[in-house]
Amino acid sequence: MTERATEFREPYEVPELSAEPVSRQRGRRRVPLTLWGGSLLLSLAPIAAFVSFFWTPKDPTAQDIEQRLSSPGQNGYLLGSDGFGRDIASQLMAGAQNSLVVGGLGVSLALLGGITLASLAVIRSGWLEEVIMRLSDVVYAFPVVIVALILSAKMGPGNLPGILAVAILFTPVVARLVRGSAVPLFEREFVLAARAYGRGRTYVFFRHILPNLSALVIVQATVMFAIAILLEASLSYLGLGVSPPTPSWGRMLRDAQQFLSVAPWVAVWPGLAIIVTVLGFNLAGDGLRDLADPKLHRAVR
Amino acid sequence: MPRSWLRVAGVAAILPVLAGASFSSDGASAPLQVEGRLVIASELPEPPTLDIRASGSTAIAQLLIYNVQETLVQLDGAGRFRPLLAESWRVSPNRRTYTFKLRRGVRFHDGSAFTSGDVVYSFKTAKTNPASPQAGRFAVVEFVKARGPRAVQVTLKRPSFRFLYDMAQRAGVIVSGKTAGQAASHPIGTGPFKFERWNRGSSIVLSRFAGYWGRKARLDAVEMRYIADPNAQVNALLAGDIDVLSNLRAPDRAAQLRANTSFTFIRGATNAKQQLSINVSKPPLNNLRVRQAIAYAIDRRAVNVATFGGFGTLTGTFAARTDPYFTTYAPYPYNPAKARDLLSRAGFSGGLDLEIKSIRGNISAPQAEVVAAQLGRVGIRAKITELDFATWASTVFNPSVANFQLTTVGHSQLLEIYQFVSPPGWYQQYRSTGFNRLMTAADSAADLTTFTRLARRAAMRLADDAVTIPFFAESTVTFVRKRVIGWPVTGRIDASIDLRAVRVAP
Amino acid sequence: MIGHIILRRTASALAGLVVASVVIFLALSVLGGDAATVVLGDQATQENITALRQRFGLDVSPPEQYLRWMKGMVTGDLGRSHLTGAPVGPELRRRLPVTLPLTLLGLSIALLIALPAGLYSAVRHQRASGALISAGSQVGMAIPVFWAALMLSSFFAVRVGWFPSGGFVPWSESVPGALESLVLPAVSLGIIQAAIFTRYVRSAILDVMRSDYIQMARATGLTWTQSLWRHGLRNAAIPLVTVVGLQFGVLLGGTIIIENVFYLPGLGSMIVGAVNQRDLIVVQSVTLVLTAIIVATNLATDLSYRFLDPRLRSQ
């Protein structure tokens with residue numbers, strides 16, 4: 001739900017990229033605090049997910065009705081247990097897998113689709129560019145939740161509607177971003193030089209232009225990843241996510257709602273997990289943007 | 001803060017309020033502000049329609065049966081038949097013909113008189129309407145005839161013990177042909193309450209019917225609210241917004257409510273039987289050993305605690321205390337070791353993969369989770385597929401489709417054991433000539449004792465065959481504000497809450 | 001001139017809406033199976049499917065289905081739910097009085113928080129207090145809206161009982177009661193949105209702070225706060241209005257989720273209920289209505305944006 005328009009001051013304003021191609025940048029820029037902090041936070045989830053493949057404090061799906069709703073620290077449950085006696089800490093770790101899968105696949109598909117579309121538009125030019133502009137205008141403000149709901153109605157519950165919703169909605173956005181940033185680069189000296197060598201537009205696009213956009217693309221990727229994680233949590237909360245007993249942060253919150261008065265911590269932990277991870281991606285994205293183009297934010301520092 | 005800011009703030013705050021207030025003249029008349037008004041929070045989802053003869057929704061039965069719409073006979077808390085719209089009845093010696101003498105002076109809510117024609121109409125349309133979920137209950141009826149304006153004769157194809165039970169539940173509801181068409185939005189009946197208003201998405205309001213044939217209702221009005229969130233129901237009770245919490249669905253809050261002296265705690269029996277149903281036609285579930293293994297693997301006490309706060313009554317057969325043939329017989333107590341042993345003897349020592357279909361938004365869903373974990377402990381890997389109710393009803397609960405292996409579900413009508421008679425043996429495809437013979441004999445029994453004996457044997461046979469693994473029979477966990485007097489403490493027949501004797505002390 | 005712009009923009013918005021309707025229709029009624037196949041599942045016989053198709057009106061060609069649906073949307077006949085047979089239109093109209101006020105209330109609360117917060121953190125951007133608000137908005141953006149709702153509900157509804165934890169009292173029954181039902185939901189929505197808006201307000205105000213006319217205002221002796229309130233906010237309003245327009249869709253998405261947390265009988269719970277029940281006909285119509293609301297809001301902000309900024313009036 002906390003989808004952000006990009007951080008640019010006006011929509012679609014593309015920041016000026018550095019005057020020199022990436023390969024020739026000199027000196028080391030100071031890595032902003034946001035990047036450090038954000039990367040730290042966002043790495044918690046993948047680490048937890050990775051570790052959970054090999055080890056979790058207890059089996060995340062193992063039930064123990066006798067010990068249900070144990071408070072944190074009681075009965076050997078680090079963060080407490082849920083309504084079926086399952087260990088919340090273990091479920092958080094295993095649930096990270098699910099969130100990251102949705103985020104990873106959704107973002108990858110969006111990037112793939114967007115870059116492909118942009119490359120076609122740039123290399124061919126013509127009507128495709130118009131189409132991308134119109135399309136991204138339409139989808140830009142459209143809530144990803146509704147797209148995911150439509151897909152769920154058709155496909156049934158699971159992770160796929162969320163993944164596809166992110167992919168579908170953000171492909172035009174990525175395409176527009178890449179295309180918009182690529183076009184001015186075609187006028188740069190290093191590109192003109194390559195063209196003088198006889199290189200075709202395709203070669204130039206992939207070999208010279210795209211690498212220069214990598215920072216931009218990664219920043220956009222962090223934004224999309226954050227949105228994808230929130231979307232997966234929302235869908236699971238509504239009962240449309242992955243089926244039990246596969247752990248999912250959103251479904252943990254759904255199950256926790258009935259215990260708000262007797263065991264509120266069951267709802268606190270999964271929420272914190274989501275916040276920490278999404279915050280991590282947001283901060284990292286901010287930091288990367290600052291790193292890539294401090295000019296943009298120099299005035300506001 | 002600058003004045004302009006206050007102005008902006010004021011506008012921003014007022015705008016949505018105005019928007020909302022513009023809707024305040026929508027539809028309804030002024031709310032009923034009467035003293036003797038009872039507000040109940042139902043535990044069931046709001047019914048999609050108010051036509052009890054067209055929908056299987058339990059919420060309709062809960063509110064309308066005996067209150068708005070009546071049957072010829074009523075079942076009381078002790079399981080005895082009492083006269084309602086039928087003042088008396090006679091059964092022929094061959095037990096195939098029932099002659100009902102109808103009460104005189106009964107009026108429908110629209111003022112028209114109740115006659116035998118209405119009974120004939122109700123039964124005939126229920127029997128012949130293919131969309132009616134109750135059509136099957138009339139399969140045993142040969143014909144229905146009016147014998148003058150105050151008597152109806154029903155002739156059955158063969159003696160049937162369950163016939164009268166069915167007539168006391170939703171199948172036997174009497175409507176008038178003149179007003180049956182509007183039943184979906186404005187049901188007309190003969191009961192002590194008449195339908196007043198349906199605030200969709202919120203509540204249904206009934207008011208006292210002054211022209212009722214019997215003792216007038218003590219309440220002026222009843223509002224049944226449909227608050228989906230169990231916590232919100234409890235909070236509404238604590239806040240004084242509602243007077244009765246029909247059935248607590250947040251069992252973990254029971255302790256808090258019981259400690260509160262403003263409320264009376266009433267635990268009532270229901271016929272809602274929660275269980276794991278097995279499709280015995282699908283291999284390997286057609287193997288008795290496999291089913292027995294599943295039965296031994298289930299710890300029903302844990303299911304009761306985890307999903308119903310421990311308020312259910314554990315059962316071992318497909319029966320609840322309100323069924324006459326109820327027995328405490330339980331052939332498969334929790335024994336995971338035995339389950340594993342049986343499984344390997346059936347040839348599945350390496351484990352087995354099964355699928356449990358559950359109903360979303362229903363107690364069936366958490367029950368499936370608990371069951372899956374319990375089955376997992378004995379080597380049965382159970383995958384859970386949650387379905388919405390409509391899909392579940394059309395693909396699992398439908399005997400001609402029966403696309404499932406295992407499903408968790410609750411069944412709430414009386415004498416439902418009849419459903420297992422084959423063909424088709426209900427949606428579980430149970431085929432047993434022995435069971436059929438027992439049920440036929442029971443249905444033709446001459447008296448209650450014989451019926452009970454035979455039906456009980458059939459129930460035990462069903463339990464032995466591990467066709468359905470019962471968990472527990474639900475109790476109603478009801479909390480009533482102290483000033484409410486006369487709330488029924490006996491079991492609910494077909495989920496209905498009988499409000500006739502309820503009143504509110506000043 | 002202005003009239004010309006309004007007309008063009010409106011036409012463009014309508015065109016967009018038509019395109020959206022085609023996409024929605026394709027997604028739900030054509031691609032990958034129609035409502036009948038979804039309802040009956042993969043075990044159905046061909047005759048069952050054909051019979052159900054007829055009942056749903058799916059036995060005609062897709063273009064004709066689309067035209068019928070569109071005609072219905074315009075005339076107010078939004079089809080019937082396949083489950084209950086109840087007409088969608090009246091149900092939708094019943095639920096608007098929940099969703100629209102809730103969304104507006106959420107937006108108001110968000111702006112009421114974000115304007116002063118953004119202003120303050122811009123003015124104090126070199127101090128700790130300003131940075132704190134900035135950090136707070138970063139965290140706020142990361143909070144799932146339903147978690148905020150659960151936490152607020154857990155304290156204000158369950159613990160102290162000031163507000164209901166669910167359900168909606170209809171406006172026709174009691175205006176204060178309806179408001180009470182909407183407070184916690186709107187605050188949940190508003191807080192998260194406020195976090196987003198705060199950042200834009202802050203950024204816009206910081207820009208304004210560098211501008212000449214503000215320096216002039218300061219030179220006449222006004223404090224930062226005074227000069228910004230008097231002169232700066234109007235300029236900050238432009239990007240803010242744009243952002244509000246962009247975020248309205250997101251806000252509506254949040255409303256959909258919030259209605260399910262608080263069991264409010266609005267469009268959000270209607271569409272989620274329909275999705276849960278695979279009631280494609282209802283999903284289709286409700287989605288189009290939601291899309292129309294978003295398009296209309298975008299159009300309104302687009303037009304007001306041009307009105308606010310005199311430089312754009314002739315465009």
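Thresholds, definitions, all that
Residues numbered from 1 in each chain as written. Chains lettered and ligands numbered in written order. Predicted model: local features only at pLDDT ≥ 70, side-chain atom pairs only at ≥ 80, totals over all residues. Heavy atoms only, no water. Helix = DSSP H or I, 4+ residues; strand = E, 2+ residues; numbered from the N terminus. Buried < 20%, exposed > 50% of the residue type's maximum accessible area, 1.4 Å probe, protein only. Contact = heavy atoms within 4.5 Å. Areas by Shrake-Rupley, 256 points an atom, 1.4 Å probe, with all protein chains shown as cover. Buried area = accessible area lost by both parts, 1.4 Å probe. Salt bridge = Lys/Arg side-chain N within 4 Å of Asp/Glu carboxyl O. Polar contact = N/O pair within 3.5 Å; in protein donor to acceptor, adjacent residues only side chain to side chain. Nonpolar A, V, L, I, M, F, W, Y, C, P; charged D, E, K, R; others polar. Core = buried A, V, L, I, M, F, W, Y, C linked by side-chain atoms within 4.5 Å. pLDDT = per-residue confidence, 0-100. Axes fitted to C-alpha atoms, helices over the stretch in contact; angles between N-to-C directions. Left-handed = near helix turned anticlockwise from the far one by under 90°. Patch = residues over 30% accessible without salt bridge, like charges linked within 9 Å, V, L, I, M, F, W, Y side chains within 5 Å. Lys, Arg positive; Asp, Glu negative; His and termini not counted. Charge placed at Lys NZ, Arg CZ, Asp CG, Glu CD. Pairing = 2+ DSSP bridges. Phe/Tyr/Trp six-rings, centres within 6.5 Å; stacked < 30°, edge-to-face > 60°. Lys NZ or Arg CZ within 6 Å of the ring centre and 35° of its normal. Parallel < 35°, antiparallel > 145°, perpendicular 65-115°, else oblique.

1. Some thoughts on the overall build of chain A
On a plain count of helices and strands, chain A comes out with 10 helices and 0 strands. Counting from the amino terminus, chain A carries its helices and strands in the arrangement α-α-α-α-α-α-α-α-α-α. The proportion of buried residues among the 301 residues of chain A is 58%. Of all intrachain contacts in chain A linking residues separated by at least 6 positions in sequence, the fraction that spans at least 24 positions is 70%. About 12400 Å² of surface is accessible on chain A, with carbon and sulfur atoms providing 63% of the total.

2. Examining the interface of chain C and chain A
Across the boundary between the two partners, chain C contributes 62 residues, which contact 49 residues of chain A. For the chain C and chain A pair, buried surface summed over both sides reaches about 4500 Å², with 72% attributable to carbon and sulfur atoms. If you look at where chain C meets chain A, you find 1 salt bridge. We note a salt bridge from Arg199(C) to Asp286(A), for which the minimum N-O separation is 3.1 Å. Our enumeration of links across chain C and chain A arrives at 8 residue pairs in polar contact (both at pLDDT 80 or more). Here the side of chain C that touches chain A takes 13 residues from helix α10 (residues 224-261) of chain C, the largest share from any one element. Considered class by class, the residues forming the side of chain C that touches chain A number 35 nonpolar, 22 polar and 5 charged.

3. Concerning the pattern of salt bridges
For the structure on display, the rule yields 29 salt bridges over all chains. Glu416(B) is the salt-bridge partner of Lys273(B), the closest N and O atoms lying 3.0 Å from each other. With Lys273(B) in strand β12 (residues 263-278) and Glu416(B) in the loop between β16 (406-411) and α12 (433-443), this pair connects stretches of sequence that are 143 residues apart. Overall, Glu416(B) belongs to the buried group, its relative accessible area being 6%. The closest approach of N and O atoms between Asp341(B) and Arg345(B), which form a salt bridge, is 3.5 Å. Remark: Arg345(B) and Asp341(B) occur in helix α9 (residues 336-345); sequence separation between them is 4 residues, near one turn of the helix. When its relative accessible area of 36% is taken as the criterion, Asp341(B) is described as partly exposed. Here the salt bridges share partners, and the residues they tie into one network are Asp82(A), Arg86(A) and Glu369(B).

4. As for helix α11 (residues 267-276) of chain C
Residues and elements named next belong to chain C. By the criterion of burial, α11 is predominantly enclosed, with 9 of the 10 residues buried. Every buried residue of α11 is accounted for by Leu-267, Gly-268, Ser-269, Met-270, Ile-271, Val-272, Ala-274, Val-275 and Asn-276. Phi turns positive, to about 55 degrees, at Arg-278, one or two residues after α11.

5. Some thoughts on the nonpolar core
By size, the foremost hydrophobic cluster in this structure holds 172 residues, and its most contacted members are Leu149(A), Val178(A), Ile209(A), Leu213(A), Ile205(C) and Ile271(C). Examining the composition of this core, we find that 20 residues originate from one element, helix α7 (residues 201-237) of chain A, more than from any other. Not counting residues within four places of it along the chain, the set of residues in contact with Ile205(C) comprises Leu119(C), Ala122(C), Leu228(C), Leu233(C) and Ala236(C). By size, the runner-up hydrophobic cluster in this structure holds 156 residues, among which are Val68(B), Val144(B), Phe163(B) and Val244(B).

6. A word on the confidence of the model for chain A
All names here are of chain A. Per-residue confidence for chain A gives a mean pLDDT of 81; residues scoring 70 or more make up 86%. The weakest mean pLDDT in chain A belongs to helix α10 (residues 294-298) at 46; the strongest belongs to helix α8 (residues 249-256) at 93. Within the model, pLDDT remains below 50 along residues 1-28, and this stretch shows 75 contacts once partners closer than five positions in the same chain are excluded. A low-confidence stretch, residues 296-301 (pLDDT under 50), is modelled with 13 contacts involving residues beyond four sequence positions or located in other chains.

7. Some points on the packing of helix α2 (residues 88-124) of chain A against α7(A)
Residues and elements named next belong to chain A. At a minimum axis distance of 8 Å, the contact between α2 and α7 shows a crossing angle of 145 degrees. Considering the relative orientation of α2 and α7, their crossing is right-handed. Taken together, the residues of the contact of α2 with α7 sort by class into 17 nonpolar, 6 polar and 2 charged.

8. So, the environment of Ile14(B)
Looking at where Ile14(B) falls in the secondary structure, it is placed in helix α1 (residues 3-21). Counting along the chain gives 187 residues from Ile14(B) to Gly201(B), while the straight-line C-alpha distance between them is 26 Å.

9. Quick notes on a positive patch on the surface
Residue and element names in this part refer to chain B. A cluster of like positive charges, contributed by Arg-437, Arg-453, Arg-457 and Arg-461, occupies part of the molecular surface. Per element, the largest residue contribution to the positive patch is 3 residues, and it comes from helix α13 (residues 448-464). In this structure, Arg-457 sits in helix α13.

10. Remarks on the pairing of strand β4 (residues 86-91) of chain B
All names here are of chain B. Note that β4 and strand β5 (residues 97-102) share 5 bridges and pair antiparallel. By the bridge assignment for β5, Val-91 is matched with Tyr-98. Joining the antiparallel neighbours β4 and β5 is a turn of 5 residues, in which Arg-95 adopts a positive phi near 55 degrees.

11. Topic: unusual backbone geometry
Omega for the peptide link from Pro244(A) to Pro245(A) comes to 0 degrees, which places this bond in the cis form. Topologically, Pro245(A) is positioned in the loop between α7 and α8. Here the bond from Pro283(B) into Pro284(B) is cis, since omega is 0 degrees, no more than 30 degrees from zero. Within the fold, Pro284(B) resides in the loop between β12 and α7 (288-297). Phi angles above zero are rare outside glycine, and Trp426(B) is one such case at about 60 degrees. Mapped onto the secondary structure, Trp426(B) falls in the loop between β16 and α12. Exposure remark for Trp426(B): the relative accessible area of 7% places this residue in the buried category.

12. A look at the packing of aromatic side chains
Tallying each qualifying case throughout the model produces 31 aromatic pairs over all chains. When the centroid spacing of 4.9 Å and the interplanar angle of 40 degrees are considered together, the rings of Tyr212(B) and Trp213(B) count as tilted. Between Phe397(B) and Trp426(B), the aromatic rings sit 6.0 Å apart at their centres with planes inclined by 65 degrees, giving edge-to-face as the arrangement. Pair noted here: Phe397(B) is in the loop between α11 (389-395) and β16 and Trp426(B) is in the loop between β16 and α12, with a separation of 29 residues, a long-range link. Since its relative accessible area comes to 29%, Phe397(B) is described here as partly exposed. Site record: aromatic cluster; members linked through ring pairs are Phe318(B), Trp392(B), Phe397(B), Phe404(B), Phe420(B), Trp426(B), Tyr427(B), Tyr430(B) and Phe435(B). Over the ring of Tyr77(A) we find Lys58(A); its NZ or CZ atom is 4.4 Å from the centre of that ring.

13. Thoughts on the pairing of strand β1 (residues 37-42) of chain B
Residues and elements named next belong to chain B. Burial of β1 is extensive: 6 of the 6 residues sit out of reach of the surface. Alternating residues of β1 divide into Arg-37, Val-39 and Ala-41 and Leu-38, Ile-40 and Ser-42, and every residue in both groups is buried. As paired elements, β1 and strand β10 (residues 221-226) share 6 bridges and run parallel to each other. Bridging across to β10, Ser-42 finds its partner in Tyr-226. For β1 and strand β11 (residues 244-245), the ladder comprises 2 bridges, and the chain directions are parallel. Across the sheet, Ile-40 pairs through a bridge with Val-244, a residue of β11.

14. Quick notes on the side chain of Glu223(B)
Residue and element names in this part refer to chain B. Within the element layout of this structure, Glu-223 appears in strand β10. Residue classification places Glu-223 among the buried residues on the basis of a relative accessible area of 1%. Separated by 2.6 Å, the side chains of Glu-223 and Arg-37 make a polar contact.

15. Here's the deal with the sheet that holds β5(B)
Residue and element names in this part refer to chain B. Sheet architecture is open: 4 strands sit in the order β4-β5-β7-β6, paired in antiparallel fashion. Both edges of this open sheet fall to β4 and β6 (141-146), since each of them pairs with a single strand only. For this sheet the average axis-to-axis angle between neighbouring strands, irrespective of direction, equals 15 degrees.

16. Observations regarding the packing of α8(A) against helix α9 (residues 265-292) of chain A
Residues and elements named next belong to chain A. Orientation of α8 relative to α9, taken along the N-to-C sense of each, is 150 degrees, at an axis distance of 8 Å. When the axes of α8 and α9 are compared, the pair comes out roughly antiparallel. Considering only the axes of α8 and α9, their crossing is left-handed. Touching Trp-249, Met-252, Leu-253 and Ala-256 of α8 are Val-266, Ala-267, Pro-270, Gly-271, Ala-273, Ile-274 and Thr-277, all from α9. Residues of the contact of α8 with α9, tallied by class, amount to 9 nonpolar, 2 polar and no charged.

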